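Observations on the model geometry
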Amino acid sequence: MKGDIKQVCVVVSDVESAMRDYWDKFGIGPWDVRHFTPDTVRNLYIGGKHVTEGFDFICAVTWMGDVEFELIQPISGPVIYWDQLEKDGPSLHHFKLVIYNDDELKAYVEELEKRGLRVTQTGWIDNDVHYYFDTRKELGVILELGNGGKIGAPDSVYPHAGAVSPVAHKPNIRQLAIVVDDVKQVMDNYAKYLDITSWDVRHFTPGKVRNFYVNGEHITEDFEFICAVTWVNDMELELIQPVKGKNIYWDFLDKVGPGFHHIKDVCPDEEIARESKRLEQYGIKVMQTGWIDDDSHYYMSTEPYLKMILEYGNGGKIGAPDYVYPAR
């Protein structure tokens, strides 16, 4: 896969409320806020057709380390964000690959189209161009490509420029996870479309996961889920397929089907404990937790505020994969 994963996007119905929750409860911000209309976006195409009617959508962005968080609220017009908002509600929408050279970016877009992927929206904002691909069926997530071009000053900043974060913890996002119903098929699709051909695959069962809790219940009955992981530079992609027994992945599949499930914040165990305790005041609980060798995971019930599940993990070392797919 070409490019670097530089952005995670959440589609929301109320960007003001979302920014407030991200800032007040998680210290994520300040946010650069822009309204995008025909006055600020040129050559907007939806489904291959040039958009000449009015449209409006709000984008709020902030950087945490080398990952950009983006919140998008559609206001009017035929932009693609309505589709997911109407189907799934506020939720994780896409991740973005940045290829800084315009010629290389254009060539890669054309290559992906030749491989059968379809551009659903594209347009220019100052020196920045974006291309969304309809890849949820194939890859489990919408893919955006862009050049990371410079754009003008924001319309406003929330809460204000130079604001000091009210939260000491600084997110360290190192994993994007997608829940699927056929992990082998999705791995094949990543090879076919994005040339990702090396996944570490593990089957997690009671013999490998200790102290496994789901919604506060210690799970001792038989369970199994498959995790396949690969690294794209410094970001890990994870595919998760539930097989049997209790886990939180079934709920997601039943509710929205295969899709973008969570992002993972890697930090030390003691910091995870502090953040988990601090978030209790907002009613945020641990949905699922367990240990695999030296690695811990804690899925947090952050959807009411972040419009997505946040996972904390210590990034501990785990044993060799059951196998690598496809075989080297």
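First, a word on what this report is: a plain description of the structure on this page.

Cut-offs and rules
- Residues numbered from 1 in each chain as written.
- Predicted model: local features only at pLDDT ≥ 70, side-chain atom pairs only at ≥ 80, totals over all residues.
- Heavy atoms only, no water.
- Pairing = 2+ DSSP bridges.
- Helix = DSSP H or I, 4+ residues; strand = E, 2+ residues; numbered from the N terminus.
- Contact = heavy atoms within 4.5 Å.
- Axes fitted to C-alpha atoms, helices over the stretch in contact; angles between N-to-C directions.
- Buried < 20%, exposed > 50% of the residue type's maximum accessible area, 1.4 Å probe, protein only.
- Phe/Tyr/Trp six-rings, centres within 6.5 Å; stacked < 30°, edge-to-face > 60°.
- Expected span 1.5 Å × (residues − 1).
- Arc of directions from axis to C-beta.
- Polar contact = N/O pair within 3.5 Å; in protein donor to acceptor, adjacent residues only side chain to side chain.
- Salt bridge = Lys/Arg side-chain N within 4 Å of Asp/Glu carboxyl O.
- Core = buried A, V, L, I, M, F, W, Y, C linked by side-chain atoms within 4.5 Å.

**Remarks on the sheet that holds strand β15 (residues 217-218)**
Adjacent strands of a sheet form backbone hydrogen bonds with each other and so pair up, either parallel or antiparallel. Here 11 strands make up an open sheet; going across it, the order is β15-β14-β19-β20-β21-β18-β12-β17-β16-β13-β22 and the pairing mixed. Single-partner strands in this sheet number two, and they are β15 and β22 (323-325). Where strand β13 (residues 199-204) meets strand β16 (residues 224-232), 5 bridges bridge the pair, whose relative direction is antiparallel. Each residue of the ladder has a partner; that of V201, found in β16, is A228. Of the strands in this sheet, β12 (173-179), β13, β16, β17 (235-244) and β22 touch helix α5 (residues 183-194), which is tilted by about 155° from β17.

**Describing the environment of S91**
One can find S91 in strand β7 (residues 91-98). Assessed through its relative accessible area of 13%, S91 is described here as buried. For the pair formed by S91 and K106, sequence separation is 15 residues and the distance between their alpha carbons is 29 Å. Here S91 is in contact with C9, V10, V11, Q84 and K307, once residues within four sequence places are set aside.

**A few points about the packing of aromatic side chains**
Across all of its chains, the model carries 15 aromatic pairs by this definition. An aromatic cluster is built from F204, F212, F223, F225, Y249 and Y299, whose rings are joined through pairwise contacts.

**Quick notes on helix α3 (residues 102-114)**
Taking 1.5 Å per residue as the helical rise, α3 with its 13 residues ought to reach 18 Å, and the 18 Å between its terminal C-alpha atoms agrees with that figure. Residues L105, Y108, V109 and L112 constitute the buried set of α3. Looking straight down α3, one finds that the buried residues subtend no more than 105° of arc, so they occupy a single side. Opposite its buried face, α3 presents the exposed residues D103 and K114, each directed more than 90 degrees away. One side-chain oxygen of the residue at the start of α3 lies 3.0 Å from the amide nitrogen of D103, identifying that residue as N101. Backbone geometry just downstream of α3 places G116 in the positive-phi region, at approximately 110°.

**Topic: the pairing of strand β19 (residues 286-292)**
Extensive coverage of β19 is indicated by the burial of 5 of its 7 residues. Here β19 runs beside strand β20 (residues 295-300); their pairing, made up of 6 bridges, is antiparallel. Within the sheet, the bridge partner assigned to T289 lies in β20 and is Y298.

**Details of the pattern of salt bridges**
Going through the model one piece at a time under the given rule, you end up with 15 salt bridges. A salt bridge links R115 to E111; the shortest N-O distance between them is 2.9 Å. Salt-bridge contacts for K184 lead to D188; the nearest nitrogen and oxygen are separated by 3.2 Å. Of the two residues, K184 and D188 both sit in helix α5, 4 residues apart, roughly one turn of that helix. Counted as one network, the salt bridges with shared partners bring together K87, D88 and R136.

**Concerning the sheet that holds strand β10 (residues 142-146)**
Spatially, the 11 strands line up as an open sheet ordered β4-β3-β8-β9-β10-β7-β1-β6-β5-β2-β11, and their pairing is mixed. One side of each edge strand has no neighbouring strand; the edge strands of this open sheet are β4 (49-50) and β11 (156-158). Judged from the 7 bridges that link them, strand β1 (residues 4-11) and β7 form a sheet pairing that is antiparallel. Opposite V8, over in β7, you have F95 as the bridge partner. Packing of helix α2 (residues 81-88) onto the sheet brings it into contact with β1, β5 (56-64), β6 (67-76), β7, β8 (119-125), β9 (128-133) and β10, and relative to β6 it is tilted by some 85°. The strands touched by α3 within the sheet are β8, β9 and β10, with β9 carrying the most contacts at an inclination of about 15°.

**Re helix α1 (residues 15-26)**
For α1, with 12 residues, the first-to-last C-alpha span of 16 Å sits near the 16 Å given by 1.5 Å per residue. Where α1 is concerned, the buried positions are V15, A18, M19, D21, Y22, W23, K25 and F26. Here α1 starts with a cap whose side-chain oxygen sits 3.2 Å from the backbone nitrogen of E16, and that cap is D14.

**Quick look at the nonpolar core**
The biggest cluster of nonpolar side chains holds 71 residues, and the ones touching the most others in it are W31, L71, L145, L176, Y190 and I263. Filtering out sequence-adjacent residues up to four positions away, W31 remains in contact with M19, Y22, A60, V61, T62, F69, L71, S156, V157 and Y158. Formed by 20 residues, the second largest nonpolar core is a distinct cluster that contains A177, F204, M287 and I292.

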